[in-house]
Amino acid sequence: MRKLKGIASSDGISIGHCYILDRQKINVRRYNIPANGVPAELEKLKLGIKRTAEFIENSKSMSEDSLAEEHSFIFDVYLMLLRDNMLIGETEKNISESLVNAEYAMSMAGAKLMAQFDKSPNEYLRERKSDINNIVQKVLRFMNDNSMDTVMNSENADIIIAHDLTPSDTAQMSKNKIKGFATDLGSKTAHTSILARSLGIPAVVGLGDISSLADDGDLIIIDGFEGVVIINPDEETLEIYKDKDTRYSNYISELNKLQHEDSVTKDGERVFTYSNIELNDEFYLSKKSNHDGVGLYRTEYIYMEHGDVSEDLQYKILKEAAEETGSKQLVVRTFDLGADKLSKYISHPEEQNPAMGLRAIRYSLKYPEFFNKQLRAILRASVHGDVRILFPMISGIEELMKCRTALEKAKNELRAEGVDFNPDIKTGVMMELPSLAIISDLLATEADFFSVGTNDLIQYTLGIDRNNEFVAYLYRPSHPAVLRSLKMIIDSAKNAGIKCTVCGEIAGEPKYIPFLLGMGYRHLSMSPAALLKARMIIRALNIADCEKLIDELSEIKIARLAEEHVEKFIEEHCSSVYFH
Ligand code: PEP
Ligand code: MG
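Residues numbered from 1 in each chain as written. Chains lettered and ligands numbered in written order. Predicted model: local features only at pLDDT ≥ 70, side-chain atom pairs only at ≥ 80, totals over all residues. Heavy atoms only, no water.

What should I look at first to understand the sheet that holds strand β6 (residues 203–205) in this one?
Pairing between the strands of a sheet is mediated by backbone hydrogen bonds and can be parallel or antiparallel. Strand order in the open sheet formed by eight strands is β1-β8-β7-β3-β4-β5-β6-β2, with mixed pairing between adjacent strands. The sheet terminates laterally at β1 (2–5) and β2 (7–10), the two strands that pair on one side only. For this sheet, the mean inter-axis angle between neighbouring strands, taken without regard to orientation, is 30°. Two elements, strand β3 (residues 13–21) and strand β4 (residues 159–162), share four bridges in a ladder whose sense is parallel. Considered in β4, the bridge of Cys 18 is made with Ile 159. Packing against the sheet, helix α9 (residues 191–199) makes contact with β2, β5 (180–183) and β6, and its axis sits at approximately 50° to β2. (Pairing = 2+ DSSP bridges. Helix = DSSP H or I, 4+ residues; strand = E, 2+ residues; numbered from the N terminus. Axes fitted to C-alpha atoms, helices over the stretch in contact; angles between N-to-C directions. Contact = heavy atoms within 4.5 Å.)

Hey, could you run me through the domain arrangement of the protein in this one?
For interface size, the figure often reported is the accessible area lost on association. Taken domain by domain, the protein comprises domain 1 (2–23 + 149–255), domain 2 (35–144) and domain 3 (257–574). Taking only C-alpha atoms, the centre of domain 2 and the centre of domain 3 are 41 Å apart. (Domains from an automatic or database assignment.)

I keep staring at the packing of helix α24 (residues 543–553) against helix α25 (residues 559–574) and nothing clicks. Help me out?
How two helices pack is summed up by the angle between their axes together with the distance between the axes. Running from N to C, α24 and α25 point in directions that differ by 160°, and their axes come no closer than 10 Å. The orientation of α24 with respect to α25, classified from their angle, is roughly antiparallel. Considering only the axes of α24 and α25, their crossing is right-handed. Residues Asp 545, Cys 546, Leu 549, Glu 552 and Leu 553 of α24 form the contact with α25, whose own contacting residues are Ala 562, His 565, Val 566, Phe 569 and His 573. (Parallel < 35°, antiparallel > 145°, perpendicular 65-115°, else oblique. Left-handed = near helix turned anticlockwise from the far one by under 90°.)

Looking at this model, I keep getting lost on helix α17 (residues 397–417). Mind explaining?
Taking 1.5 Å of rise per residue, the 21 residues of α17 would be expected to cover 30 Å, and the 31 Å separating its terminal C-alpha atoms lies within 8% of that figure. What α17 keeps buried is the set Glu 399, Leu 400, Cys 403, Leu 407, Ala 410, Lys 411 and Leu 414. Summarising the axial view, the buried residues of α17 lie within an arc of 120°, below the 170-degree limit, and thus occupy one face. Opposite the buried face of α17, by more than 90 degrees, sit the exposed residues Glu 398, Thr 405 and Ala 416. Check the buried side of α17 and you find it contacts α15 (360–366), α16 (368–381), β12 (386–391), β13 (427–431) and α19 (440–444). (Expected span 1.5 Å × (residues − 1). Buried < 20%, exposed > 50% of the residue type's maximum accessible area, 1.4 Å probe, protein only. Arc of directions from axis to C-beta.)

Even after reading the chapter, I still don't get a negative patch on the surface, so can you show me in this structure?
A contiguous patch of negative charge, built from Asp 234, Glu 235, Glu 236 and Glu 239, is present on the exposed surface. By the element assignment, Asp 234 lies in the loop between β8 (228–231) and α11 (235–256). (Patch = residues over 30% accessible without salt bridge, like charges linked within 9 Å, V, L, I, M, F, W, Y side chains within 5 Å. Areas by Shrake-Rupley, 256 points an atom, 1.4 Å probe, with all protein chains shown as cover. Salt bridge = Lys/Arg side-chain N within 4 Å of Asp/Glu carboxyl O. Lys, Arg positive; Asp, Glu negative; His and termini not counted. Charge placed at Lys NZ, Arg CZ, Asp CG, Glu CD.)

Which parts of the structure should I look at to understand the coordination of the magnesium ion (ligand 2)?
In ideal tetrahedral geometry, four donors around a metal make angles of 109.5 degrees, whereas ideal octahedral geometry with six donors gives angles of 90 or 180 degrees. Around the magnesium ion (ligand 2), the protein supplies Glu 432 (OE) and Asp 456 (OD) as donor atoms, at distances of 2.0 Å. One end of the pair, Glu 432, is in the loop between β13 and α18 (434–438); the other, Asp 456, is in helix α20 (residues 454–462), and 24 residues separate them in sequence. Residue Asp 456 is classed as buried on the basis of its relative accessible area of 2%. (Donors = N, O, S within 2.8 Å, 3.2 Å for Na, K, Ca; no water.)

What is the right way to look at the sheet that holds strand β16 (residues 523–526) in this model?
Strand order around the closed barrel formed by eight strands is β9-β10-β11-β12-β13-β14-β15-β16, with parallel pairing between neighbours. Recorded for the sheet is a direction-independent mean angle of 30° between the axes of neighbouring strands. Against the sheet, α16 contacts β11 (329–333) and β12, and its axis sits at roughly 155° relative to β12. The strands touched by helix α21 (residues 480–496) are β13, β14 (449–452) and β15 (499–502); relative to β14, the strand with the most contacts, the crossing angle is about 160°.

It is not clear to me how unusual backbone geometry should be interpreted in this structure. Could you clarify?
As a rule of thumb, non-glycine residues mostly have phi less than zero, and peptide bonds are mostly trans rather than cis. A positive phi is found at Asn 232, a non-glycine position, where the angle reads about 45°. Within the secondary structure, Asn 232 is located in the loop between β8 and α11. The backbone of Asn 290 sits at a positive phi, close to 50°, despite the residue not being glycine. Among the secondary structure elements, Asn 290 is positioned in the loop between α12 (283–288) and β10 (293–298).

How do you make sense of the environment of Phe 225 when you look at a structure like this?
Within the secondary structure, Phe 225 is located in the loop between β7 (219–223) and β8. Since its relative accessible area comes to 12%, Phe 225 is described here as buried. Considered as a pair, Phe 225 and Ala 8 are 217 residues apart in the sequence and their alpha carbons are 5.6 Å apart. If near-sequence neighbours (up to four positions away) are discounted, Phe 225 is found in contact with Ala 8, Asp 11, Gly 12, Ile 13, Lys 244, Tyr 248, Phe 579 and His 580.

Even after reading the chapter, I still don't get the pattern of salt bridges, so can you show me in this structure?
One pass over the structure, following the stated rule, counts 37 salt bridges. Close ionic contact of Glu 311 with Arg 376 constitutes a salt bridge, the shortest N to O distance being 2.7 Å. Note that Glu 311 is positioned in helix α14 (residues 311–325) and Arg 376 in helix α16, a separation of 65 residues in sequence. For Glu 311, a relative accessible area of 15% gives the class buried. Classification of Arg 376 as buried rests on a relative accessible area of 10%.

How should the pairing of β14 be read in this particular structure?
Regular strands place their side chains on alternate faces of the sheet. Along β14, one buried face is formed by Phe 449 and Ser 451 and the opposite face, lined by Phe 450 and Val 452, is buried too. Relative to β14, β13 runs parallel, the two being bridged by four bridges. Across the sheet, Val 429 pairs through a bridge with Phe 450, a residue of β14. Taken together, the four bridges between β14 and β15 define a ladder with parallel strand orientation. Across the sheet, the residue bridging to Ser 451 is Thr 501, located in β15.

Before we go on, may I ask you to explain the packing of aromatic side chains in this structure?
What describes a pair of aromatic rings is the distance from one ring centre to the other and the angle between the planes of the rings. Inspection of the entire model under this criterion finds 12 aromatic pairs. Ring plane angle 45° and centroid distance 5.2 Å describe the contact between Tyr 248 and Phe 579, whose orientation is recorded as tilted. Placement of the pair is Tyr 248 in helix α11 and Phe 579 in the segment after α25, with a sequence separation of 331 residues. We note that Tyr 248, like Phe 579, is buried. Connected via pairs of aromatic rings, a cluster forms that spans Tyr 303, Phe 335, Tyr 363, Tyr 367 and Phe 370. Positioned over the ring face of Phe 272 is Arg 270, at 4.4 Å from the centre of the ring. (Phe/Tyr/Trp six-rings, centres within 6.5 Å; stacked < 30°, edge-to-face > 60°. Lys NZ or Arg CZ within 6 Å of the ring centre and 35° of its normal.)

Looking at this structure, how should I read helix α23 (residues 531–538)?
Because the α-helix completes a turn every 3.6 residues, residues three or four places apart line up on one side. The element α23 is largely enclosed, with a buried count of eight among its eight residues. Of all the residues in α23, the buried ones are Leu 531, Leu 532, Lys 533, Ala 534, Arg 535, Met 536, Ile 537 and Ile 538. The elements touched by buried residues of α23 are α11, β9 (272–277), α12, α22 (513–519), β16 and α25.

In structure tokens, the structure reads:
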């Protein structure tokens, strides 16, 4: 038995056998196919080539202004290889004549071509060997769009252990019936963790080296409350965790009794609890938990799931979201791509510092056609519900103005085309940068509403990479600097009479709910899985106590002590309804 301590990423206990996912390795297995299976394998190959070509075209056009011509020719070499008879023709021949799967057929054709190039007296051709290898690897990845494919093929895998996982890996998990995961890297506010909470998959991250300590098939306990993972537990330990799992199930039954209630404090203050949605599948849980609408719809997941989708497909997905939300608000955030939310379908330049680089609104404003397509899709969806637009990572008022100009352009186009949309659609700003907290009074007279992204606001205020487990201990939402920023923002919003929601992870964390209510926040947006837990806490609180908590915190100078005070408060006021 071995016990490891990491970062509690997503609540719940899960017990099962593990599969070690090594994402670096593309395991090409050979299997024989029946003669009537040939068309399906050829189709798989064709799709892999098409996606690879799109990716390369995209990379080429996006790097045109930043790469010298002699470097961008490499994209043409890649595109040429994708049409090369010696590579593609040979792969097709392998499939139809040797009756093998497309992956194996491709790697055989690649190996043969590389061997030929290797023997060539021509130095230029010898150097092209690595290009062949690169393109073969790309097609193999794109052929198997699903990075969890290896898991699906492995038997008895109900827990995943990996060095790191991407948000798209996590999105695949519920489909693949994965019960939990543990990773070497990661932190609580990284998107892999956020999605795990949304999907209700227990997880522990930032464990350091679990991927080398566990072996395929080991029995694993994941305790997503304490951030503990146990490899091959003894009988006694197993019983302790089974018991904790049962207690948690009983707590969930109590929570379910609140499904039809509102979130109201003991002293009668109504608090609005909204959902953060990544995938339309999550609406099921939101509606079951009687949410007040969607406070944050993370559209970048459309990209991460489907690639560079057309305006029509974006519209279709958003229309479905608007219909799911009914008459309640649906706040659609424009793509927040970049940093840890990179789509493999989108080309992105190498950046030294991606979190502070070309991400979110900066990316959208740099590529106006890409942005325009999304704005048109949102506007078209606006006739199906109470749709509002939210811009991420705004750093100053000028960017908001540029967004509005882009929105007006999209409106004018639709008007000219005779397409319906809501001309008065509201536009809000994500408050994620310290600059915005400082100018929140100026901004509040410009924006229609604020949405506070505490995940990023804390990252940038305290200078801690939200994905880095080594500095995760510094993530302290009640740090005096964060408290002051949050207070400035809500006060500015109140003075200007605009709505202000918190949509960062703390909005759904029971521990921080008194903290937010005490400052004056009444609109909280969270993962659907957190809605009932938050409601239970809200119903156990008095606003006056929460305000007193803020008064006390404003006297505490040291962040660690402030965090301890917040924990003490929740234990004292909500112990009977706080499961952790
Ligand atoms: C945030 O930064 O708090 C937020 C909600 O946005 P995201 O987590 O998607 O970056
Ligand atoms: Mg953010």
